[in-house]
Amino acid sequence: MLIWFSNMKLRFARHTNDLKRIIEFYTKTLNFEILGEFKNHSNYDGVFLGKQDLDWHLEFTTSTKNIIHSFVEDDLIALYSDSKAEYDAILKSLTLNNISFIKAENPYWNLNGKMFLDPDGFRIVLVNLN
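Just so you know, these numbers come straight off a predicted model, no measurement behind them. (Residues numbered from 1 in each chain as written. Predicted model: local features only at pLDDT ≥ 70, side-chain atom pairs only at ≥ 80, totals over all residues. Heavy atoms only, no water.)

Enquirer: Summarise the packing of aromatic side chains; cite the residues concerned and give the values.
Expert: A full pass over the atoms with the stated rule returns 10 aromatic pairs. Ring geometry for F38 against F48: centres 5.7 Å apart, planes inclined by 50°, an arrangement best described as tilted. Of this pair, F38 sits in strand β2 (residues 33-41) while F48 sits in strand β3 (residues 44-50), and the two are 10 residues apart along the sequence. On the basis of relative accessible area, F48 is assigned to the buried category, the value being 17%. Plain terms: the ring middles of F71 and F122 are 4.7 Å apart, the flat faces sit at 85° to each other, and that makes the pair edge-to-face. Note that F71 is positioned in the loop between β4 (56-62) and β5 (76-81) and F122 in the loop between β7 (113-117) and β8 (123-128), a separation of 51 residues in sequence. The ring of F101 has K114 sitting right over it, with the charged end atom 5.9 Å from the ring centre. (Phe/Tyr/Trp six-rings, centres within 6.5 Å; stacked < 30°, edge-to-face > 60°. Helix = DSSP H or I, 4+ residues; strand = E, 2+ residues; numbered from the N terminus. Buried < 20%, exposed > 50% of the residue type's maximum accessible area, 1.4 Å probe, protein only. Lys NZ or Arg CZ within 6 Å of the ring centre and 35° of its normal.)

This is the structure:
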């Protein structure tokens, strides 16, 4: 019997034109931690964002190449909270930082969470499991 992905960790990586703004958004608004960063690695700078005790993190890179993002409405990151207090705290932080909520294309997300955009225009949905 094959066991797939038994000890793998997940990293979602994306290039950005404004690394500073991305770091500020994910750390100050969503309370992620900087888990690591690098400078001038083959002409790329980057940062790893997430939480120390989780098996996943986000990586954002930047370089001299200016990129144009192209996302469809169903491309998103779903963040699931199993704590109502955490969910409410993140919603409050989004509101205090003037982050608007948007309607999702998929009605499931509208019924079960709140969708918003990060500084690059990438969709994120926050879901409360309670």
